[in-house]
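Here is what each chain is made of, one letter per residue.
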Amino acid sequence: KNQVEQSPQSLIILEGKNCTLQCNYTVSPFSNLRWYKQDTGRGPVSLTIMTFSENTKSNGRYTATLDADTKQSSLHITASQLSDSASYICVVSVGDNNDMRFGAGTRLTVKP
Amino acid sequence: GAVVSQHPSRVICKSGTSVKIECRSLDFQATTMFWYRQFPKQSLMLMATSNEGSKATYEQGVEKDKFLINHASLTLSTLTVTSAHPEDSSFYICSATSLEGPRDTQYFGPGTRLTVL
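Residues numbered from 1 in each chain as written. Chains lettered and ligands numbered in written order. Predicted model: local features only at pLDDT ≥ 70, side-chain atom pairs only at ≥ 80, totals over all residues. Heavy atoms only, no water.

### Topic: the overall build of chain A
Which entries qualify depends on this criterion: A helix here means a DSSP run of H or I that spans at least four residues, while a strand means a run of E at least two residues long, and both kinds are numbered starting from the N terminus. Only C-alpha atoms enter the radius of gyration; for comparison, a globular chain is expected to reach 2.2 Å times N to the power 0.38, where N is the number of residues. Remark: exposure states derive from per-residue accessible area (1.4 Å probe, protein chains only) relative to the maximum for the residue type, with buried under 20%, exposed over 50%, and partly exposed in between. Contacts are assigned to residue pairs with any non-hydrogen atoms lying within 4.5 Å of each other. Here the open area of atoms and residues is found with the Shrake-Rupley method and a 1.4 Å probe, where only the protein chains shown may cover a residue. As used throughout, the charge tally considers Lys and Arg to be positive and Asp and Glu to be negative, leaving His and the chain termini uncounted. Charge positions come from single atoms, namely NZ of Lys, CZ of Arg, CG of Asp or CD of Glu.
Secondary structure assignment for chain A yields 0 helices and 11 strands. The globule rule puts the C-alpha radius of gyration for 112 residues at 13 Å, and the 13 Å found for chain A is close to it. Dimensions of chain A, computed from the C-alpha atoms along their principal axes, are close to 45 × 25 × 20 Å. Taken over 112 residues, chain A has a buried fraction of 45%. Across chain A, every contact between residues at least 6 apart in sequence was considered, and the portion connecting residues at least 24 apart equals 56%. Surface summary for chain A: the accessible area is close to 5400 Å², and the carbon and sulfur share equals 49%. Charge-centre separation for chain A: the mean point of 11 positive side chains lies 7 Å from the mean point of 9 negative side chains.

### Section: the interface of chain B and chain A
Here is the rule we go by: Joining two parts hides part of their accessible area as seen by a 1.4 Å probe, and the buried area is that hidden amount summed over both. Salt-bridge detection follows one rule: a side-chain nitrogen of Lys or Arg within 4 Å of a carboxyl oxygen of Asp or Glu. Under this definition, polar contacts are N or O atom pairs within 3.5 Å; protein pairs additionally need one hydrogen-donor-capable and one acceptor-capable atom, and for neighbouring residues in sequence, both atoms have to be side-chain atoms.
On the side of chain A, 17 residues touch chain B, which itself brings 17 residues to the contact. Both sides of the chain B and chain A interface together cover about 1300 Å² of buried area, and 48% of this is carbon and sulfur. Counting across the interface, chain B meets chain A through 0 salt bridges. Scanning the region where chain B abuts chain A turns up 3 residue pairs in polar contact (both at pLDDT 80 or more). Within the residue set of the side of chain B that touches chain A, elements represented by two or more residues are strand 4 (30-38) and strand 9 (90-98) of chain B.

### With respect to the environment of E100 of chain B
Residue and element names in this part refer to chain B. Along the chain, the position of E100 falls in the loop between strand 9 and strand 10 (107-108). In this structure E100 comes out as exposed when scored by relative accessible area, which is 67%. It is 8.8 Å that separates the C-alpha atoms of E100 and T31, two residues lying 69 residues apart in sequence.

### Considering the sheet that holds strand 8 (residues 72-77) of chain A
Residues and elements named next belong to chain A. How we decide: Strands qualify as paired when DSSP identifies two bridges or more between them. The angle between two axes is taken between their N-to-C directions and runs from 0 to 180 degrees, where each axis is a line fitted to C-alpha atoms and a helix contributes only its stretch in contact.
Taken together, the 5 strands give an open sheet; going across it, the order is 1-3-8-7-6, and neighbouring strands pair in antiparallel fashion. One side of each edge strand has no neighbouring strand; the edge strands of this open sheet are strand 1 (4-7) and strand 6 (56-59). On average, each strand axis in the sheet is tilted by 15° relative to the strand beside it, whichever way the strands run. Where strand 1 lies against strand 3 (residues 19-25), 4 bridges are found, and the strand directions are antiparallel. Residue pairing for strand 3: S7 is matched across the bridge by Q22.

### Thoughts on the side chain of T80 of chain B
All names here are of chain B. Turning to its location among the elements, T80 is positioned in strand 8 (residues 76-81). On the basis of relative accessibility, which here comes to 15%, the residue T80 falls in the buried class. Once you skip the residues sitting within four places of it in the chain, T80 turns out to touch S18, V19, K20, K66, F67 and L68.

### Some remarks on the pairing of strand 4 of chain B
Residues and elements named next belong to chain B. Along strand 4, 8 of the 9 residues are buried, which leaves the element largely enclosed by surrounding structure. Across 8 bridges, strand 4 lies against strand 9 in antiparallel orientation. Bridged to W35 within strand 9 is C94. Hairpin geometry of strand 4 and strand 5 (residues 45-51) is characterised by an intervening segment of 6 residues between the two adjacent antiparallel strands and by a positive phi of about 60° at K41.

The structure is reproduced here in structure tokens:
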């Protein structure tokens, strides 16, 4: 069982709509949580990073939340654009040695 | 800043040949470089971690004799897929951590698509 679970696996929305992606994790000890955007055939690009004490972090139309008690995170995308079509990967770092655990990603498709 | 490049971006080779992929940190010195493999619709799987001047640490199940990693300088790491077979076809991504930046921040390269015929 993956220690970082993302849902939904895929999502299709219309341009201009909002959406929320979920990430649940079981790794311990928690160091930080990142959301990455990965365009098809490209490397991941960091969107947000949150440590234990941070509940929310925004980057433009992307807002990530973190509940360290329930070990859940979400990525909210506002007013989606066609260019938001990509895979969104949740990555949790464990301990002090930079051990990263990757979620399987959510494939988002934004349609006109 | 913190740009990581990979070369080539895509390569097609015949079964049995070897392929070398380069990963460079363009504007920073990388203490550690990581190599990942990503199959279609799956997440990144860490293959190995390499530090400049020392042997790479391979993840369980990754053959070190098949995936040769050389980290000769603080800005360059290479992954050589030896005697490639069709099942090695995948998307290979490297990442690097900066000598001066946070240890837990990885900067990813754009990836290399390997197709073995």
